[in-house]
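Residues per chain, in single letters:
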Amino acid sequence: MSPTEILTTLFSEFPYALYGSILVGIACAFLGVHIVAKRVVFLGAVLTQVSVLGLTLTFLPFIAIPHTLGALGATLATVVIISRLLTGKKIPRDAVLGVVFVTSVTARLLILQKTARVEVAEIENLLRGDILFVTPEIFYLMLTGFVIAAVAHLLFYKEFTFVSFDPDTAAAQGYRAGTWEMVFYLIAGMVISLATHMVGDLFVFGFLVIPPVTALLLTRNVRAIVLIAVSIGVVAPVIGLYLAFLLDVPASPAIVGVASAGLAGAWLWSTAAPRRA
Amino acid sequence: MSPTLIHLDRVTLGYGQKVILRDITVTIRQGEYFGLVGPNGAGKTTLLKAMLGILKPSGGTRTATHPEGRPLRFGYVPQRDSIDSVLPYTSSAVVMMGRFRQMGLFRLPGRADTAATLRALAHVGVEDLGAKVFRDLSGGQKQRVLIARALASDPDILILDEPTNGMDLTSRTAMLELIDGLHRRERLTIIMVSHLLDDVANHVEQIAIVEKDFFRVGDVREILTPAHLSALYGMPVKVDSLHGHYVVTVGGAHESN
């Protein structure tokens, strides 16, 4: 296929794959900047697995709810439970996240083993998200989730920034630091849950981490970091999908691979010219 | 007598079931320069959090009201090492955070907030650091920026947690002079917390000594006695005066300076 044919096919046959990938790329890259800043990168990996577990639960015969609702419900419930533990000092953050991660994966494996309603391979496909077959329904649901997250960050920019940067002083000035942390994690949980259902855990976790880290290597301006990360969220899915068609490889790894290549380039650039970075 | 800003009445403080301090009564009055001193882990930060209202007492009462009847505005300066930002915020952006509470919800910083930020930076002598990345600054510079952030909030009380910790003699002296100046020139109410007795004793007017099962509060001259300090450190302590400065000798050696 020629490049023109590939692009034409993408736009005409798989428009929601293209728009959906870009949407998730932007949403995850934007949220990822804050998650990396809070040093809770592993939270992204954990919530994608919790979301996948929520999806799996909906295959149990006695839980007759839509897949998306299952994923969303499990993720938000987990966020409510762990947000207090994440801000506490009794148990280290990474230990809390590690426990939730391993519990989610274990529970999913056990449930899949006992699920007889459909083929396990088919479930796995749905659980991991299939970029090429993104439906308009899930796309618009994700778009709604992203708009809610973006508006919340616009309205509560000051609160999120202050509480993330210096929670003690924010509390001394009268902010309910724990509540604001919870609001942030709920928004992150919602976006991660919807995105995981739509494009799979690899894509989501990859874009929560790789674009923000790339941007941190390239600039020392907070606004520019957000702008660069979001730009990677737009560009990498387009190039990745194009390469997936061209080389006949799976879309999700191709897209994350493009983002990783960008990260490697940024690292080389920053190493070669540390004063510019 | 100046009006009371904060009053803790027989409070018990701790976390969960663990009691850190018991039966503490302390009053902070408007215009006072108050020192909170004690060894590391004695409960200074716990008491500070209770004064700020972050930690609710499990017993006793806390009142904190401005004489005009409104809630107090606290300008809190945390230990600078407690801030370890991944994102490269500029010093101006950090100081601007001090304005956030006054802006309220949904409002973005305006010209008045920018002007207040610049004024606060100039107030502590670091107006040239506004565009610099906060995490790249030296310890002393960071401390000044954090004080500027506290001042930008137009506080009723400035609260400093270990402001001279880890500083060399020059930076430490300059920092204490800066804090003294804020108190003397503007009659700003200040609470300074330190484990360094010399820092507190030679600058504040009122002092509280905090240690497990030991709490004394009052005028510096009344509290800084060999009997009190010997009880605090659990060994003989001498208190002398040299050129108008207190010199504390613990166990035969001069207390760390």
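Residues numbered from 1 in each chain as written. Chains lettered and ligands numbered in written order. Predicted model: local features only at pLDDT ≥ 70, side-chain atom pairs only at ≥ 80, totals over all residues. Heavy atoms only, no water.

A.B. asks: Honestly, the environment of Pro61 of chain A in this entry has me stumped. Any pointers?
C.D. replies: By the secondary structure assignment, Pro61 of chain A is in the loop between α3 (41–57) and α4 (67–87). Measuring from C-alpha to C-alpha, the distance between Pro61 of chain A and Ala266 of chain A comes to 49 Å, with 205 residues separating the pair along the chain. (Helix = DSSP H or I, 4+ residues; strand = E, 2+ residues; numbered from the N terminus.)

A.B. asks: When you look at the sheet that holds strand β5 (residues 74–77) of chain B in this model, what are you seeing that I'm missing?
C.D. replies: All names here are of chain B. Strands sit in the order β5-β6-β7-β3-β8-β9 across an open sheet of six strands; the sheet is mixed. Since the sheet does not close on itself, it has two edges, and those belong to β5 and β9 (214–219), each with one partner. The average undirected angle you get between the axes of adjacent strands in this sheet is 10 degrees. As paired strands, strand β3 (residues 33–37) and strand β7 (residues 189–194) are joined by five bridges and run parallel to one another. (Pairing = 2+ DSSP bridges. Axes fitted to C-alpha atoms, helices over the stretch in contact; angles between N-to-C directions.)

A.B. asks: Teacher, can you tell me more about the interface of chain B and chain A here?
C.D. replies: Where the parts come together, the accessible area they lose is often given as the size of the interface. Between chain B and chain A, the residue contacts involve 28 residues of the former and 25 residues of the latter. Around 2600 Å² of area is buried between chain B and chain A when both sides are counted, 65% of it from carbon and sulfur atoms. Considering only the side of chain B, the residues that lose the most area to chain A are Val86, Phe100 and Arg101 of chain B, jointly responsible for 24% of the buried surface there. Between the two partners, chain B and chain A, sit three salt bridges. Here Asp84 of chain B ties to Arg39 of chain A by a salt bridge, and the two come within 3.0 Å at their closest N and O atoms. When contributions to the side of chain B that touches chain A are tallied by element, the ones reaching two or more residues are β5, α2 (91–97) and α3 (100–103) of chain B. Counting residues per element, the side of chain B that touches chain A draws most heavily on α3 of chain B, which supplies three residues. When grouped by side-chain class, the residues that make up the side of chain B that touches chain A number 18 nonpolar, four polar and six charged. (Contact = heavy atoms within 4.5 Å. Buried area = accessible area lost by both parts, 1.4 Å probe. Salt bridge = Lys/Arg side-chain N within 4 Å of Asp/Glu carboxyl O. Nonpolar A, V, L, I, M, F, W, Y, C, P; charged D, E, K, R; others polar.)

A.B. asks: Quick question: what am I supposed to make of the sheet that holds strand β2 (residues 18–29) of chain B here?
C.D. replies: All names here are of chain B. One open sheet accounts for three strands, arranged β2-β1-β4; its pairing is antiparallel. Edge positions in the open sheet fall to β2 and β4 (59–64), since each of these has one partner strand only. Ignoring which end each strand starts from, the neighbouring axes of this sheet average 20 degrees apart. Where strand β1 (residues 4–15) meets β2, eight bridges bridge the pair, whose relative direction is antiparallel. Paired with Val11 across the two strands is Ile24, which belongs to β2. Sheet contacts for helix α1 (residues 44–52): β1, β2 and β4; angle to β1, the most-contacted strand, approximately 130 degrees.

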